[in-house]
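So the chains spell out like this:
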Amino acid sequence: MKKITIAIDGHSSCGKSTMAKDLARELGYVYIDTGAMYRAVTLYAIEADLFQEQDVDTEKLKAEMQNIHITFQFNPETGRPDTYLNNVRVEDRIRTMEVSSKVSLIAAIDFVRSAMVAQQQEMGQGGGVVMDGRDIGTTVFPNAELKIFVTASAEVRAERRYKELTGKGEECNYEEILENVIERDRIDSTRAVSPLRQADDAIVLDNSNLTIEEQKDWLIRQAKDRIGEE
Ligand code: DC
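The structure presented is a predicted model; accordingly, all values stated were derived computationally and were not measured. (Residues numbered from 1 in each chain as written. Predicted model: local features only at pLDDT ≥ 70, side-chain atom pairs only at ≥ 80, totals over all residues. Heavy atoms only, no water.)

## Thoughts on the overall build of the protein chain
Okay, so step 1: Check the secondary structure of the protein chain and you find nine helices and ten strands.
Okay, so step 2: The C-alpha atoms of the protein chain give a radius of gyration of 17 Å, which matches the 17 Å a tight globule of 230 residues would have.
Okay, so step 3: The principal-axis extents of the C-alpha atoms in the protein chain amount to approximately 50 × 40 × 35 Å.
Okay, so step 4: Per-residue burial for the protein chain yields a buried fraction of 50% across its 230 residues.
Okay, so step 5: Taking as baseline every contact in the protein chain between residues at least 6 positions apart, the subset at least 24 positions apart corresponds to 73%.
Okay, so step 6: Of the roughly 11,300 Å² that the protein chain leaves accessible, carbon and sulfur atoms contribute 47%.
Okay, so step 7: Once the 29 positive and 41 negative side-chain charges of the protein chain are each reduced to a mean point, those two points are 3 Å apart. (Helix = DSSP H or I, 4+ residues; strand = E, 2+ residues; numbered from the N terminus. Rg over C-alpha atoms; globule rule 2.2 N^0.38 Å. Buried < 20%, exposed > 50% of the residue type's maximum accessible area, 1.4 Å probe, protein only. Contact = heavy atoms within 4.5 Å. Areas by Shrake-Rupley, 256 points an atom, 1.4 Å probe, with all protein chains shown as cover. Lys, Arg positive; Asp, Glu negative; His and termini not counted. Charge placed at Lys NZ, Arg CZ, Asp CG, Glu CD.)

Structure below.
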């Protein structure tokens, strides 16, 4: 059976990665979280002291790009891949509020995007991948056989993020998270390079009122139908 490419794009914190991971597992495909790659670059920039408040030293970052190597390794305990930055596992450190509040700035830089897109195209070249991000169906794999665009209201997404962070014991504030969600949407949708937008041939999924199980079933059905047509 042909192994297709599945692009899952959409707004932040709307459960894209959970559904993409579950789908990849169900199909026996490789899951690639492209947001984790931009987060890993952001973590590198924070640790290399390239930020002054919300400003990043782009000249220095450009020179450092050759020293930033991002890989994924399957974690048999969770059944999902973990993100590695220069061979160090950073899966938890890339999910903090500090990284979340700076990642949109890093993801708007053209040389960062071209480096990440090239790596993503290489990782997914043989098909059999579920890739989630913002520009997968528009820029990374414009010919993907199945494209899903996921969205949910900002309030629902902030609520989910709040539960996720408090569940991990991180101190946080709902209003601050909501502001972060809205601000990230604004930056992601208005940036000059590869802004977040729905591909013309994407299927829209608004999951504001769906349970994880319901959206999982819906997605698996879409994928199996599409694979059956190939
Ligand atoms: O999906 P996420 O929240 O982990 O993504 C982190 C940030 O990276 C988010 O601000 C959008 C950006 N991003 C992007 O610009 N392009 C992608 N393909 C994936 C993520």
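## Brief notes about the packing of helix 2 (residues 34-47) against helix 5 (residues 110-123)
Okay, so step 1: Where helix 2 contacts helix 5, the axes come no closer than 11 Å and their chain directions differ by 140°. As judged from the angle between their axes, helix 2 and helix 5 are oblique. Crossing of helix 2 over helix 5 shows right-handed handedness. Touching Thr34, Met37, Tyr38 and Val41 of helix 2 are Val112, Arg113, Met116, Val117, Gln119, Gln120 and Met123, all from helix 5. (Axes fitted to C-alpha atoms, helices over the stretch in contact; angles between N-to-C directions. Parallel < 35°, antiparallel > 145°, perpendicular 65-115°, else oblique. Left-handed = near helix turned anticlockwise from the far one by under 90°.)

## A closer look at unusual backbone geometry
Okay, so step 1: The phi angle at aspartate 49 is positive, at roughly 65°, despite the residue not being glycine.
Okay, so step 2: Relative to the helices and strands, aspartate 49 is located in the loop between helix 2 and strand 3 (51-52).

## Points about the side chain of lysine 16
Okay, so step 1: In this structure, lysine 16 sits in helix 1 (residues 16-27).
Okay, so step 2: Of the side chains with opposite charge, aspartate 132 lies nearest to the buried lysine 16, which makes no salt bridge, at 4.8 Å.
Okay, so step 3: Engagement of the side chain of lysine 16 in a polar contact is seen with the backbone oxygen of histidine 11, the distance being 2.8 Å.
Okay, so step 4: Once residues lying within four places of it in the same chain are set aside, the contact partners of lysine 16 are Ile8, Asp9, Gly10, His11, Asp132, Gly133, Arg134 and Val150. (Salt bridge = Lys/Arg side-chain N within 4 Å of Asp/Glu carboxyl O. Polar contact = N/O pair within 3.5 Å; in protein donor to acceptor, adjacent residues only side chain to side chain.)

## Regarding the packing of aromatic side chains
Okay, so step 1: One pass over the full model with this rule turns up one aromatic pair.
Okay, so step 2: Plain terms: the ring middles of tyrosine 162 and tyrosine 174 are 6.5 Å apart, the flat faces sit at 80° to each other, and that makes the pair edge-to-face. Of the two residues, tyrosine 162 sits in helix 7 (residues 154-167) while tyrosine 174 sits in helix 8 (residues 174-190), which places them twelve residues apart along the sequence.
Okay, so step 3: Judged by its relative accessible area of 28%, tyrosine 162 is partly exposed. (Phe/Tyr/Trp six-rings, centres within 6.5 Å; stacked < 30°, edge-to-face > 60°.)

## Observations regarding the sheet that holds strand 6 (residues 80-85)
Okay, so step 1: The strand order 5-6-7 describes an open sheet built from three strands, whose pairing is antiparallel. The two strands at the open ends of the sheet, each matched to only one other strand, are strand 5 (70-75) and strand 7 (88-89).
Okay, so step 2: Of the strand pairs in this sheet, strand 5 and strand 6 are connected by six bridges, and their pairing is antiparallel. From the neighbouring strand, glutamine 73 faces strand 6, where its bridge partner is aspartate 82. (Pairing = 2+ DSSP bridges.)

## Description of the packing of helix 1 against helix 9 (residues 212-229)
Okay, so step 1: In the contact formed by helix 1 and helix 9, the axes pass within 10 Å of each other and the chain directions differ by 50°. With respect to helix 9, the axis of helix 1 lies oblique. Note on packing geometry: the crossing formed by helix 1 with helix 9 is right-handed. Between helix 1 and helix 9, the residues in contact are Thr18, Met19, Asp22, Leu23, Glu26 and Leu27 and Ile212, Gln215, Lys216, Leu219, Ile220, Ala223, Lys224 and Ile227, respectively.

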